[in-house]
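Each chain, written out:
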Amino acid sequence: MTTDLTAPARIRSDVAPIQRRTLGLLFGTQIIGGIGVTIGVAVGALLAARIAGTAVAGLTQSAAVVGAALLAIPITRITNGHGRRPGLVVAYLVGAVGAVLVVLAAVTRIVPLLFLGNLLFGGGTAANLQARYAAVDLAEPARRGRQLALIVWATTIGAVAAPNFAALANAVTGGWGLPPLAGPFAFSAVAFVLAAGALFALLRPDPLRTARRLSAAEPTPPPSPVAEPTPPPSPVAEPMTPPRPAARRGAGMRAAWRVVRDRPAARLGVAAVAVGHAVMVAVMSMTPVRLGESHGDADVLRVVGIVLSLHIAGMYALAPLVGWLADRLGRPAVILGGVGLLLAACAVAGTAGHHTPQLSVGLVLLGLGWSGTMVGGSTLLSESVPAAVRPSVQGFSDLTMGLAGASAAAVSGFVMRAAGYPVLTLLAAIVVVPLVALALRRGPAGVPDREGDTCG
C-alpha cells in the first residue's frame, strides 16, 4: 500500500536526483526572489504614505497582497496545464512589470498607477509562495515538512538583508533622477527577472509533471488486469484512468473548494495559512508607519530596515526546525504553537509604545508564529488531497490566504489612523482565537490521503 506521492522503491531512487536538483534550484531562486519582494515591502508603505497619505498606505499594501491572491488563479491554471516551471516564470515576470510601474508612479505621483503597480508586484510574492509547493511534489512523505520548510527558509538569506539594501538602492538610484523610495523597486524588478530566467532555463524536468507521471504509472505493476472481474482490485484500478481529467476538473477554484470542504485536515491547513498570514500582514504592514511616528526622515529607513530584518528572520530563519517539528510532532501541534506565538506577538508589540527594542521583539515573535502556521498548514494541506487536484487546492489556499491578508492590510491603515497601533494588535489577536478551536476540534493528525481517494 502506498500513499499519494510514494512510488515503488525503484522509481523513487530514480526520482531522488531530480528532487535534489529541484530543491537546489528553488533554494537559489528563493534567495533572489526574496530580495525582490522584501525590498518592496520595506519601503512600500512609506512610499504610498508620502504620495497619497497614511490611510491609503494600507490600501496599496493591500493591493500587493490582492495581486498575489488573484494571480494564484491564472498561475494555478498554467501549472495544471503545463507544470510548475511556466507558472513560476510567469509569476516572477508579472512581479517585475509591477515593480517598474511603481517606479513610474513615484516619478509621476499618479496614485492609480501606484495601485496597479502594487497589484502586479504581488506576482513576486505569488511565485515565492508557489515555490514551497514545488518542493514537495516529489518529496518522500516523512520529509515533506522539512523540504517545504527548507524552501521557506531559503528566503531568509535574501530577505533578511533586503530591507537594509533599501537605503543603498535609494542612494544609487538617486543619481538617476528617481525620487526617494522609488529606487528599491527598480532593484526588485531586476531580481524578479533573474529568478524567472533561472527557473525557465534550469527547472527541468518539471517536478509536478514528473509526480503526475509516477502517480499515473504506479498502479500499473499490480496484477489488476488478471483480477479485473473481482471487486477487490477495482478501487486500485480506478485511479489509472482519471488522473488527467481530474486535473482538468481541479483547475477551477470551485472544485478545489469542494475538495477542501470535504476534508477536515485540508480545512485546517487552509485556515492556518490564511489566518496566520492575515495577522502577520496587518501588524507588519503598519509597523513602518508606527516607527515613522517616532523617527525622523534621517534615520527612519535604517530603523525600519533593522526591525523588518529581525521580523523576517523570525519568519524564515527557524523554518527548518519548524519543518522538523511538523514531521516529528504532527502538523496540528505546530499550527497550535504558531497560534500561541502570534498571540504573544500581538501582546508584546501592542504594549511597546514607541520603545523600538520591545517592538522588535514583538515583530520577531510575529514572524515565528507565521512560520508555524505557514509550514504546518501548507504541509498538512499538501498531503491531505490527491495529486490530481493538489495544484488547484494549493492555488485555492494561496487565493484564500491572499484575500485574508489583503483585507487585513486594507483595514490596518484605517484602524491605525482611527484608533492607533495598540488597537490594531488587539484586533489581530482576536482574529487568531477561532483557529485554536478548529485545530483542537480536528483531533489527532490522520494518515495522508491515498491517491485513489475521490476528489469530493
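Preceding this paragraph is the structure being described.
Within each chain, residues carry numbers counting from 1 in the order of the written sequence. Reporting of local features is limited, given that this is a predicted model, to residues whose pLDDT is at least 70; pairs of side-chain atoms are given and counted only at 80 or more, and all residues count toward the totals for whole chains, interfaces and linings. The side-chain values count all of the structure's non-hydrogen atoms but skip hydrogen atoms and water molecules.

1. Points about the overall build of the chain
Keep this limit in mind: Numbering of helices and strands runs from the N terminus, with a helix taken as a DSSP run of H or I at least four residues long and a strand as a DSSP run of E at least two residues long. The rule is simple: take the accessible area with a 1.4 Å probe, protein chains only, and divide by the maximum for that residue type; under 20% is buried, over 50% is exposed, in between is partly exposed. The contact criterion used throughout is that any non-hydrogen atoms of two residues lie within 4.5 Å. Computed with a 1.4 Å probe, the accessible areas rest on the Shrake-Rupley method; for each residue, only the protein chains presented here act as cover.
Across its full length, the chain carries 17 helices and zero strands. Taking all 456 residues of the chain together, the buried fraction comes to 57%. Of the contacts formed within the chain by residues at least 6 apart in sequence, a portion of 85% connects residues at least 24 apart. Surface exposure of the chain reaches about 17,200 Å², of which carbon and sulfur atoms provide 70%.

2. A word on the nonpolar core
Put simply, the rule is: In these notes, a set of buried Ala, Val, Leu, Ile, Met, Phe, Trp, Tyr and Cys residues joined through side-chain atoms within 4.5 Å is what counts as a nonpolar core.
Membership of the largest hydrophobic core comes to 108 residues, with the highest contact counts inside it found for L26, L47, L199, V279, L366, Y421 and L435. Setting aside residues no more than four positions away along its own chain, L199 makes contact with L25, L26, T29, R85, L88, V89 and Y92.

3. So, the packing of helix α11 (residues 264-292) against helix α14 (residues 331-350)
Defined as follows: Under this scheme, a helix contributes an axis fitted over its contacting stretch, all axes are lines through C-alpha atoms, and angles between N-to-C directions fall in the 0 to 180 degree range. Geometric relationships in this document are graded by angle, where less than 35 degrees denotes roughly parallel, more than 145 denotes roughly antiparallel, 65 to 115 denotes roughly perpendicular, and other angles denote oblique. Each crossing is labelled by how the near helix is turned from the far one, with a counterclockwise turn of less than a right angle marking it left-handed and a clockwise turn marking it right-handed. Throughout, the ten residues Ala, Val, Leu, Ile, Met, Phe, Trp, Tyr, Cys and Pro are labelled nonpolar, Asp, Glu, Lys and Arg are labelled charged, and all others, Gly among them, are labelled polar.
At a minimum axis distance of 11 Å, the contact between α11 and α14 shows a crossing angle of 20°. Accordingly, the angle class assigned to the pair α11 and α14 is roughly parallel. Handedness of the crossing formed by α11 with α14: left-handed. Listed contacts from α14 to L268, A272, G276 and V279 of α11 are P332, I335, L342 and C346. Among the residues making up the contact of α11 with α14, the classes are represented as seven nonpolar, one polar and no charged.

4. Concerning the pattern of salt bridges
The criterion, for reference: Any Lys or Arg side-chain nitrogen found within 4 Å of a carboxyl oxygen on Asp or Glu counts as a salt bridge.
Counted according to the given criterion, the structure contains seven salt bridges. Notably, a salt bridge pairs R146 with D327, separated by 2.8 Å at the nearest N-O pair. In this pair, R146 is assigned in helix α5 (residues 144-174) and D327 in helix α13 (residues 319-329), connecting sequence segments 181 residues apart. Residue R146 is classed as partly exposed on the basis of its relative accessible area, which comes to 29%. Judged by its relative accessible area of 19%, D327 falls in the buried class.

5. What about the packing of helix α4 (residues 111-134) against helix α16 (residues 390-418)?
Direction vectors running N to C along α4 and α16 enclose 145°, while the axes themselves pass 11 Å from each other. The handedness of the crossing between α4 and α16 is right-handed. Of the residues in α16, those touching α4 at L129, Q130, R132 and Y133 are Q394, G395, S397, D398 and M401.

6. A look at helix α10 (residues 253-261)
Our working rule: Regarding the arc, it is the one traced by the directions from the helix axis to the C-beta atoms.
Buried within α10 we find M253, A255, A256, V259 and V260. In an axial view of α10, the angular spread of the buried residues amounts to 160°, which keeps them on one side of the axis.

7. As for the side chain of N80
Put simply, the rule reads: Polar contact is the term for a pair of N or O atoms within 3.5 Å; when the atoms are in protein, one must be able to donate a hydrogen and the other to accept it, and sequence-neighboring residues count only if both atoms are side-chain atoms.
Considering the arrangement of structural elements, one finds N80 in helix α2 (residues 54-82). Taking relative accessible area as the criterion, N80 reaches 10% and is therefore assigned buried. Here S392 takes part through its side chain, which lies 2.8 Å from a polar atom of the side chain of N80.

8. Description of unusual backbone geometry
Both trends apply: most residues other than glycine have a negative phi, and most peptide bonds are in trans. Residue R204 is joined to P205 through a cis peptide bond whose omega torsion reads -5°. Positionally, P205 belongs in the loop between α6 (183-202) and α7 (207-217). Of note, the phi angle at R109 is positive, near 60°, even though the residue is not glycine. Structurally, R109 can be placed in the loop between α3 (84-108) and α4.

9. Points about α13
All of the buried residues along α13 are A319, V322, G323, A326 and D327. The buried side chains of α13 occupy one side of the element, clustering within an arc of 135° when seen end-on. Facing away from the buried side of α13, by more than 90 degrees, are the exposed residues R328 and L329. Trailing α13 by a residue or two, G330 shows a phi angle of about 105°, which is positive.

10. Some words on the packing of aromatic side chains
Rules: Working definition: a ring pair exists when centres of Phe, Tyr or Trp rings (six-membered ring for Trp) sit within 6.5 Å. Plane angles under 30 degrees give stacked, over 60 give edge-to-face, the rest tilted. Whether a charge sits over a ring depends on NZ of Lys or CZ of Arg being within 6 Å of the ring centre and within 35 degrees of the ring normal.
The full count for this structure, using the stated rule, is six aromatic pairs. With a centroid separation of 5.5 Å and an interplanar angle of 80°, the aromatic rings of Y316 and W370 are classed as edge-to-face. Separated by 54 residues along the polypeptide, Y316 in helix α12 (residues 300-316) and W370 in helix α15 (residues 356-382) bring together distant segments of the chain. For Y316, a relative accessible area of 14% puts it in the buried group. Aromatic rings pair up to connect Y92, F121, F185 and F192 into one cluster. Here the guanidinium or amino end of R85 rests over the ring plane of F200, the centre of that ring lying 5.2 Å away. The positively charged end of R204 is found above the aromatic ring belonging to F200, 5.7 Å away from the centroid.

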